[in-house]
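Overview (structure and organization)
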Amino acid sequence: MDPDWLKFHPNPKQPEFVLPAGAVDAHCHVFGPSPRFPFAPERKYTPCNAGKEKLYELRDYLGFTRNVIVQATCHGKDNSAMVDACRTAGDLARGIASVGSDVSRDELVEMHEAGVRGVRFNFVKRLVDATPREVFIEIAERIQEFNWSIVVYFEAADLHGLEAFLKQLPGIIVVDHMGRPDVSKGVDHPDFGRFVRLMTENENIWTKVTCPERLTVAGVPYDDVLPFYQTIVDQFEDRVLWGTDWPHPNMKSHMPDDGALVDYIPKIARTSGQQRKLLVSNPMRLYWAD
Ligand code: 0GY
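Read on for an overview of the structure. Computed from a predicted structure; not experimentally measured.

This next bit is on the pairing of strand β7 (residues 205–208). Because side chains alternate across β7, one face comprises the buried residues Ile-205 and Thr-207, and the other comprises Trp-206 and Lys-208, equally buried. Bridging between strand β6 (residues 173–175) and β7 involves three bridges; their strand directions are parallel. Counterpart to Val-175 in the pairing with β7 is Thr-207. In this view, the connection linking β6 to its parallel neighbour β7 by way of helix α6 (residues 190–201) has right-handed handedness. Bridge count between β7 and strand β8 (residues 240–241): two bridges; the pairing is parallel. Across the sheet, residue Thr-207 finds its bridge partner in β8, namely Val-240.

Take a look at the structure:
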């Protein structure tokens, strides 16, 4: 692993917040373990191993029932670790794959059978080399027959240039980590206003209210990120998802305690109705419809 790699928290606290029955951790990853699942040659980072056993241990410890495992960029377009983790969990896991235009229909069918229900388009330059937009559009069209959705990951500064493209995509689009707002600018800044407007004007756009540990400037307990989450959850409670982001790739400042992240949920979804939608009914509707 990279010399400055921060490993996931070894012993997270037992959360005080009791998750609603059937709660879904809708954004998490597996890394390896290598050498069984080698990391991609084109990867931009080399993480520690963090395999499915550890992920499912954490799921049970925190009180989640299900996981949505998002293909991590360190595995490139080789989805085998993620697919293997989905197969192990059976109906309790779904996957989001990373594919190129060379993916065959048979491969898509096989992934669907394993539990994959979406693809991820990544625009974060430190994580991936750029993919031409036409390639993404072609993939987006090909997955329609499977009723998959699309996860997109970008940073706030790139939203302006991506808006027209996002509006072109068919089906449900899920934006990772609220499009990574620059928290230091404040919740009323036009940049975040642009993201809120995007969601207002496009009912097929959902978002994950995730990763306060990445977005915070002030640090633990991440109070500076709260107004952003609260704004989104209050306005779009039917289109939000939540996840741990375990094993927290590329954290540099600190490693979050996953139990403390769960305790953060009632601060961002402040009614039991919002909590049920965020943690159960929204992810079930999107990823477990069939
Ligand atoms: C995240 C965030 C990051 C990494 C990845 O697939 C990945 O490598 O998603 C990041 O470095 O910001 O969502 O886990």
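Restricting attention to buried positions, one finds in helix α4 (residues 133–142) the residues Phe-136, Ile-137, Ile-139 and Ala-140. One side of α4 holds all its buried residues, which, seen down the axis, span an arc of 165 degrees. Those residues of α4 that are exposed and aimed more than 90 degrees away from the buried face are Glu-134 and Glu-141. Buried residues along α4 sit in contact with β4 (116–122), β5 (149–153) and α5 (159–168).

Moving on, we come to unusual backbone geometry. In this chain, Ser-34 is followed by Pro-35 through a cis amide linkage whose omega measures 10 degrees. Secondary-structure assignment places Pro-35 in the loop between β1 (24–28) and α1 (52–62). Following Trp-246, the chain continues into Pro-247 via a peptide bond in cis, with omega recorded as -5 degrees. Considering the arrangement of structural elements, one finds Pro-247 in the loop between β8 and α9 (258–268). For Tyr-222, which is not a glycine, the phi torsion comes out positive at approximately 65 degrees. Along the polypeptide, Tyr-222 turns up in the loop between α7 (212–215) and α8 (226–235). With relative accessibility at 7%, the residue Tyr-222 sits in the buried group.

On to the site of the ligand, then. Among the 16 residues in the neighbourhood of the ligand, the closest are listed as His-29, Tyr-45, Thr-73, Tyr-153 and Asp-245. At 2.7 Å from an oxygen atom of the ligand is found a side-chain nitrogen or oxygen belonging to His-29. At a separation of 2.6 Å, an oxygen atom of the ligand approaches a polar side-chain atom of Thr-73. Summarising the interface, the protein chains cover 100% of the accessible area of the ligand, which totals 350 Å² for the free molecule. By residue class, the composition of the shell around the ligand is five nonpolar, six polar and five charged.

Now for the side chain of Asn-122. Along the chain, Asn-122 falls in strand β4. Its relative accessible area of 9% is what places Asn-122 among the buried residues. One polar contact links the side chain of Asn-122 to the main-chain amide nitrogen of Val-124, over a distance of 3.0 Å.

When you tally the buried positions in β5, you get five out of five residues, the bulk of the element. Bridge count for β4 against β5 is five bridges, and the pairing is parallel. When the sheet's bridge partners are listed, Arg-120 is paired in β5 with Val-151. As for the winding sense of the linkage, the β-α-β connection from β4 through α4 to β5 is right-handed. In terms of strand pairing, β5 meets β6 through three bridges, oriented parallel. Directly across from Val-152, in β6, lies its bridge partner Val-175. A crossover links β5 with its parallel partner β6, the connecting element being α5, and its sense is right-handed.

Calculation criteria
- Residues numbered from 1 in each chain as written.
- Predicted model: local features only at pLDDT ≥ 70, side-chain atom pairs only at ≥ 80, totals over all residues.
- Heavy atoms only, no water.
- Buried < 20%, exposed > 50% of the residue type's maximum accessible area, 1.4 Å probe, protein only.
- Helix = DSSP H or I, 4+ residues; strand = E, 2+ residues; numbered from the N terminus.
- Pairing = 2+ DSSP bridges.
- Right-handed = clockwise from strand over helix to strand, strands pointing away.
- Arc of directions from axis to C-beta.
- Contact = heavy atoms within 4.5 Å.
- Near = heavy atom within 4 Å.
- Polar contact = N/O pair within 3.5 Å; in protein donor to acceptor, adjacent residues only side chain to side chain.
- Areas by Shrake-Rupley, 256 points an atom, 1.4 Å probe, with all protein chains shown as cover.
- Nonpolar A, V, L, I, M, F, W, Y, C, P; charged D, E, K, R; others polar.

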